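Spelled out from the first residue to the last, the chains are:
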Amino acid sequence: MMKTLIAMSIFVTGMLATSASAQKTIPIRALTPPAESPEHFKSTPSVRQLPNGRAIVHDILGKRVMVFDTTMKSFTVSADSAGESGTKYPAAMFSFYNPLIPYLGDSTLFTDFDAKTFIVIGPDGKLGHAMSHAKATDLMSPSQPSNGVQGTDLQGRLIYREIGGFRPPPLKPGEATVVSTRDTIKLVRADFNTRTIDTVASYTANKSIQTVFTLLPGGKTGGTRIVNPIPPASDSWAVMSDGTIAVVRAHDYHIDFTYPDGSTFSSAKLPFDWRRLTDDDKKARIDSMQRVIDSVTASGRPFGMIIGFSKTGEGAPSKPDTIIPKISFVPLNEISDYVPPIALGAAKPDADNNLWILPTTSTQAKGGLLYDVVNRKGELVERVQLPKDRVVAGFGKGGVVYLAKFDAASKLWTLERCRINRSQLKQ
């Protein structure tokens, strides 16, 4: 054990030294002053650039698809909930996350959850014909932001996270479920023409906090949850603009690429400001998580509560059963000694075939998010500093970045169009 700790110490010390020396040569870019839209949005807008600098903007809670000009001041409506534009917005039963997926040429895929199809948005920004998924049960994949950033390759084949998961076997009395901590998840490619699907890559994800069930005497089910306040991070992935699949590995911050021709490449470890966690840091995280659990429980719905089914006896029918699991925390020595380098949704592909990655910690960030920008060769070419309180809503070619800002008073979002300023460095 001591040898392992010493080796880990040497490894991390080397990583820190490498990080410090590498960061000196990586330029930090600012963004140009924004062109701001006077229009406001009910949800974080999703943006895809069209030819001539125009942009499709999707406001999912506002149930609108719009096309803005280059100034961001003027727009036309392609679809809305009332159908006043001539096209009725295909509202879903719930407000699913529904990204704009780049498709062939300058066209875009937009999911119609009600009809269980994709709608093709043309280069003019208008909603066109419908197209069915090669596997209808996987249509929900883009509705989860944590599933990664799907896209299409140059042949128009859709690359996404496969839907599916492991189902534990039925319990026997006194036997607890076996819960694994990580999943290996397939990234698949669907061909709209041949209706075939093949596996092209994979990534690993940390499972959310799970309840371990035990079948108690009399048929009642009991449960326990062991909470890790700093769980191991999940890998993050995205499809780049040329169809390259980039998987950012969370354990050591490197990227595995799968190129359109099927070849693969693993980058070197990217520089990262590793933040060590002391036992006091870990205890503080546990105390914070405990306060969250207490608050949720005090609201009337105990943390982790599950409505299950139990049998009243041998051969008797099942009946609804409320399971309130016992909550405990992992020991301090099972909590990571370092903050994971990335979180869910850390990777975003821009329109210039680069990958933008948001590290969890950075000593160089000043007031806003600081992204690492990596090319398809795995080279960290620059960092881009976002203004305070902004998030990335989309990208355009030539270093164009669309930002969204939330106004707490109005509960609305504002959209801005900027460009990376490569003429000077961010101080």
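Further up the page is the structure itself.
Note that this is a predicted model, so its numbers are computed, not measured. (Residues numbered from 1 in each chain as written. Predicted model: local features only at pLDDT ≥ 70, side-chain atom pairs only at ≥ 80, totals over all residues. Heavy atoms only, no water.)

**Student:** Report on the nonpolar core, specifying residues and quantitative values.
**Tutor:** Core analysis: the biggest nonpolar cluster contains 22 residues, and V248, Y253, I255, L270, I342, L355 and I357 have the highest contact counts within it. Among the elements of the structure, β18 (245-249), β19 (254-258), β24 (342-349) and β25 (355-359) are those that each provide at least two residues to this core. Top contributing element to this core by residue count: β24, with three residues. When residues no more than four places from it in sequence are discounted, the contact partners of I255 are A246, V247, V248, F265, S266, S267, L270, L355, I357 and V374. Counting 13 residues, the second largest nonpolar core, distinct from the first, contains M66, F68, M72 and L415. (Core = buried A, V, L, I, M, F, W, Y, C linked by side-chain atoms within 4.5 Å. Buried < 20%, exposed > 50% of the residue type's maximum accessible area, 1.4 Å probe, protein only. Helix = DSSP H or I, 4+ residues; strand = E, 2+ residues; numbered from the N terminus. Contact = heavy atoms within 4.5 Å.)

**Student:** Pulling in residues and values, what's your account of the pattern of salt bridges?
**Tutor:** Charged atoms that come close allow side chains of opposite charge to pair. Applying the stated rule across the entire model yields 13 salt bridges. The residue D59 makes a salt bridge to R64 at a minimum N-O spacing of 3.7 Å. Judged by its relative accessible area of 1%, D59 falls in the buried class. Among the residues examined, R64 registers a relative accessible area of 17% and is labelled buried. A salt bridge links R249 to D235; the shortest N-O distance between them is 2.7 Å. (Salt bridge = Lys/Arg side-chain N within 4 Å of Asp/Glu carboxyl O.)

**Student:** Please provide a residue-by-residue account of the packing of aromatic side chains, values included.
**Tutor:** Where two aromatic rings form a pair, the distance of their centres and the angle of their planes describe that pair. A complete count under the given rule lists 14 aromatic pairs for this structure. On the basis of an interplanar angle of 70 degrees and a centroid distance of 5.8 Å, the ring pair of Y253 and F272 is categorised as edge-to-face. On the criterion of sequence distance, the pair formed by Y253 in the loop between β18 and β19 and F272 in the loop between β20 (264-266) and α2 (279-298) is long-range, its members being 19 residues apart. Across this residue pair, the class does not change: Y253 and F272 are buried. An angle of 25 degrees between the planes, with centres 6.4 Å apart, marks the rings of F257 and F265 as stacked. (Phe/Tyr/Trp six-rings, centres within 6.5 Å; stacked < 30°, edge-to-face > 60°.)

**Student:** Give me the lowdown on the layout of surface pockets, citing residues and values where you can.
**Tutor:** Its boundaries defined by the atoms lining it, the second largest pocket holds a volume of some 1400 Å³. Surrounding the second largest pocket, 50 residues form its lining, V47, L100, V149, P349 and G394 being those nearest its centre. When contributions to the lining of the second largest pocket are tallied by element, the ones reaching two or more residues are β3 (46-49), β7 (101-102), β11 (151-152), β24 and β28 (390-396). Looking at the lining of the second largest pocket, its residues break down into 29 nonpolar, 15 polar and six charged. (1 Å grid on protein atoms, 1.4 Å probe; cavity = no way out; pocket = protein on both sides within 12 Å on 5 of 7 lines; lining within 4 Å. Points joined across faces, edges and corners; volume = space filled by probe spheres on them. Nonpolar A, V, L, I, M, F, W, Y, C, P; charged D, E, K, R; others polar.)

**Student:** Quick one: what's the story with α2, residue by residue and with numbers?
**Tutor:** Its 20 residues give α2 an end-to-end C-alpha distance of 28 Å, which sits within 8% of 28 Å, the value for a rise of 1.5 Å per residue. Residues of α2 that are buried include every one of K282, I286, M289 and I293, and no others. With its buried residues spanning 70 degrees around the axis, α2 presents them on a single face. Those residues of α2 that are exposed and angled more than 90 degrees off the buried face are D280, R291 and A298. (Expected span 1.5 Å × (residues − 1). Arc of directions from axis to C-beta.)

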